[in-house]
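Understanding the architecture of this molecule
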Amino acid sequence: MSVTFAGMLSCSPPPYDVRRPSHLTLLEFATGFLAQSGTLSEFQDGPELCLAIGTPRFSDAALADIAATAGPAAAWLTAFRDYGPAAPARARGRFAVVVFNPSRPSLALAVDRFGTYPVCYSGNHDYCAFADLAHAVPAAEGGIDPQAIFDYLYFHAIPAPRTIHRGVSRLPAAHTLTWNEQGLRLDNYWQPHFAPDPKRDLESSKAEFLSIVGRAVKREARGETKVGAFLSGGTDSSTVAGMLCKALKKPAPTYSIGFDAQGYDEMEYARLASRHFGTEHHEYYVTADDLVDALPRIATHYDQPFGNSSVAPSWICASRARADGITKLLAGDGGDELFGGNARYAKQTVFELYGRVPRLVRRALLEPVLGLPGMNKIKLTRKAASYVEQAAVPLPDRLEMYNLLLRLGPREVFEPGFLEQVDIAAPLIAQRGTWAQSAGSTLIDRMLAFDWKYTLADNDLPKVIGATSLAGLGVAFPLLAEDLIDFSLTLPPDWKLSKDRTLRWFFKEALKDFLPADIIAKKKHGFGLPFGVWACKHEGLRALTADALNGLGRRRIVRADFINPLINRLLPSHPGYYGEMVWILVVLELWLREYAPEYRS
């Protein structure tokens, strides 16, 4: 059953001033369609009430017994009584929980390690209101936040804790929010602690890894009416699909998406994995017509603008599975971020080598010489100058040097009146704070921890969860099982990124006898989307795009004199590069039309 929950707790006696059409008050909860699928359970003990969503697994034996006999909400109530804000550290799996006592009054909200069931809130010393969807938070009437729009166009999503609505925050992953007479307090109950074990034995580690992954897949498949798997043909999805066949002891249903566009299709690898494991394979080729239908649905499905373009093929893929009676899909997300699979990890280690050059040589010789006029016209010195330019910038700032919004220039993209309402530096300041939390770890582990927030919690997981929920089925991420995360924290850094800069060396070694060799050797691709190519050629998609972008111009967000060059010059010249910019702008306008049609900067 899909549910939406919301509520409000106040220091004042009822009735509370909620100012919402549904007039939600304490202990009243709206039931309807939720952007995440899950079962809401509640338990009341005296004045205390607990609402819980998801399927937590409690590591504490006493809590596990309570969950088994009285349900997860009862276990959560006991956990918060015993451990306070640290209670969620005793649970694993996907969950969100609300515990409150109207007699004190007090309230506690918590989400899992990756915030896969979002909880949003608004409050001060006098009250705290909450909901699973940002726009459903009672008493929150702050309007659209221009800074959130800028953050969205910078990240292609709005990272927690900010939301699109002023005065409404999203609880960050692995956090507990408590509210009482002292006001609001935010606690980080878990963060990765990397403790590499240099004495690890390779062979026993490979066996342990395979065992953990196998158990995680089997656990997620247990009790499902009909479970299947996404299969892109990469190492992660292929591993999950293969393990699912083993868990089911029969061919597992697998679903793949292709694109009839040069450079965007890797269906052959999905077919290779399917043949290797003997899956019940299903494939579909997405067309431009599919996107014309999908774009408005996807844009308005989320409770705030969300611009990861691969949500479209993910939704189409999930919809095909749902039509076949699949109730849950297993996804391969997490493998890159746990074991070092993204190309930028190797690239950044090369830039870090520059720091070993003596400071005097860098500042007095290399940088002045390579900065001389004409050096950028010679191929060898041009590459050297580019290397020095990037290497001289510290992390995490260096990661954003090619950010599309910054490369175009905010003042070229946005109306001056809009820019007056935002802090251009805010996204980078937030990233520096996240980067600082991993201080003391090795470079590869710091980059992984950074991506656990910005790549997984804020982007890739909401993409897959939103796509599957829109299709009407559940999803699980076996490669993000907590015991696999804990295992990854103990691996030596050069097992993730080897000394010769081989990406996720250990992951590939462990799967050498499980996956086809061609899949282990292939370069990462994923569900890329040829939106830019099609937006230039397909009449319907081009019309939708132009209409949406001109709508943003009328809202005084994007400069009107930027839109025509973007559509008619920049996009046709580099459709893959500028296609992403066009996509996120179109999604923003479609979302605003649905949820804030009158908004103007």
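This structure is a prediction, so every number in the text was calculated from the model and none was measured.

**Regarding the pattern of salt bridges**
This model, assessed by the stated rule, comprises 30 salt bridges. Where Asp486 meets Arg113, a salt bridge forms, and the shortest distance between an N and an O atom there is 3.6 Å. Here the residue Asp486 occupies a position in helix H18 (residues 482-489), and Arg113 occupies one in the loop between strand E7 (106-111) and strand E8 (120-123), the gap between them amounting to 373 residues. Judged by relative accessible area, which is 26%, Asp486 ranks as partly exposed. Accessibility expressed as a relative area gives 13% for Arg113, which makes it buried.

**Examining unusual backbone geometry**
In this structure, Pro161 follows Ala160 across a cis peptide bond, with omega equal to 15°. For Pro161, the location among the structural elements is in the loop between helix H3 (146-155) and strand E10 (169-170). Following Leu395, the chain continues into Pro396 via a peptide bond in cis, with omega recorded as 5°. One can find Pro396 in the loop between helix H12 (379-391) and helix H13 (404-408).

**Concerning the sheet that holds strand E14 (residues 253-259)**
The pairing of strands in a sheet happens through backbone hydrogen bonds and is either parallel or antiparallel. An order of E15-E14-E13-E16-E17 is seen for the five strands of this open sheet, with the pairing classed as parallel. Looking at strand neighbours, the two that pair on one side only are strand E15 (280-286) and strand E17 (474-476), the edges of this open sheet. Mean inter-strand twist for the sheet, computed between neighbouring axes without regard to direction, equals 30°. Pairing geometry for strand E16 (residues 328-330) and E17, over three bridges, is parallel. If you follow Leu330 over to E17, its bridge partner there is Ala476. Strands in contact with helix H6 (residues 267-277) are E14 and E15; relative to E15, the strand with the most contacts, it is inclined by about 170°.

**Some remarks on the confidence of the model for the protein chain**
Averaged over all residues, the pLDDT of the protein chain equals 89, while 91% of them reach at least 70. When the criterion is pLDDT under 50, residues 12-37 qualifies, and its contacts beyond four places in sequence or with other chains add up to 69 contacts.

**Concerning the packing of helix H7 (residues 288-301) against helix H8 (residues 311-323)**
The geometry of H7 relative to H8 is characterised by a closest axis approach of 10 Å and an angle of 100° between their N-to-C directions. On the basis of the axis angle, H7 is roughly perpendicular to H8. Residue-level contacts link Asp290, Leu291, Asp293, Ala294, Arg297 and Ile298 of H7 to Val311, Ala312, Trp315 and Ile316 of H8. In terms of residue class, the contact of H7 with H8 is made up of seven nonpolar, no polar and three charged.

**Some thoughts on the sheet that holds strand E3 (residues 48-54)**
Taken together, the six strands give an open sheet; going across it, the order is E2-E3-E6-E7-E11-E12, and neighbouring strands pair in antiparallel fashion. Taken across any chain shown, the strands that pair with only one partner, and hence form the sheet edges, are strand E2 (40-45) and strand E12 (183-188). Each strand axis lies, on average, 10° off the axis of its neighbour in the sheet, ignoring direction. Bridging between E7 and strand E11 (residues 175-180) involves four bridges; their strand directions are antiparallel. Bridging across to E11, Ala108 finds its partner in Thr178. In the packing of helix H2 (residues 72-83) onto the sheet, the strands contacted are E2, E3, strand E6 (95-101), E7 and E11, and the crossing angle to E2 comes to about 55°.

**Observations regarding the nonpolar core**
Counting residues in each nonpolar core, the largest one holds 162 residues, and the members touching the most others are Trp76, Phe209, Trp452 and Leu484. Non-local contacts of Leu484, meaning those with residues more than four positions away in its chain, are made with Phe209, Ile212, Val213, Leu338, Phe339, Pro478 and Leu479. One finds Ala96, Leu107, Val111 and Leu177 within the second-largest nonpolar core, a separate group that totals 17 residues.

Reading the values: rules and limits
- All residue numbers refer to position in the chain's written sequence, counted from 1.
- A pLDDT threshold of at least 70 governs which residues receive local features in this predicted model, and a stricter bar of 80 or more applies before side-chain atom pairs are shown or counted, although totals over entire chains, interfaces and linings include all residues.
- Just so you know, side-chain values use all the structure's heavy atoms and leave hydrogens and water out.
- Basic side-chain nitrogens of Lys or Arg form a salt bridge, by our definition, when they fall within 4 Å of a carboxyl oxygen of Asp or Glu.
- Helix and strand assignments come from DSSP, with helices taken as H or I runs of at least 4 residues and strands as E runs of at least 2, each series counted from the N terminus.
- We call a residue buried when its accessible area falls under 20% of the maximum for its residue type, exposed when it is over 50%, and partly exposed in between, using a 1.4 Å probe and counting protein chains only.
- For two strands to count as paired, DSSP must find a minimum of two bridges between them.
- Fitted lines through C-alpha atoms serve as axes, helices being fitted only where they are in contact, and the angles separating the N-to-C directions of these axes extend from 0 to 180 degrees.
- Any two residues whose heavy atoms approach within 4.5 Å at even a single point are treated as in contact.
- You can read pLDDT as the predictor saying how much it trusts each residue, on a scale of 0 to 100.
- Our angle categories are set so that under 35 degrees counts as roughly parallel, over 145 as roughly antiparallel, 65 to 115 as roughly perpendicular, and the remainder as oblique.
- Gly is placed with the polar residues, together with every amino acid not listed as nonpolar (Ala, Val, Leu, Ile, Met, Phe, Trp, Tyr, Cys and Pro) or charged (Asp, Glu, Lys and Arg).
- By nonpolar core we mean a set of buried residues, namely Ala, Val, Leu, Ile, Met, Phe, Trp, Tyr and Cys, connected to one another through side-chain atoms within 4.5 Å.

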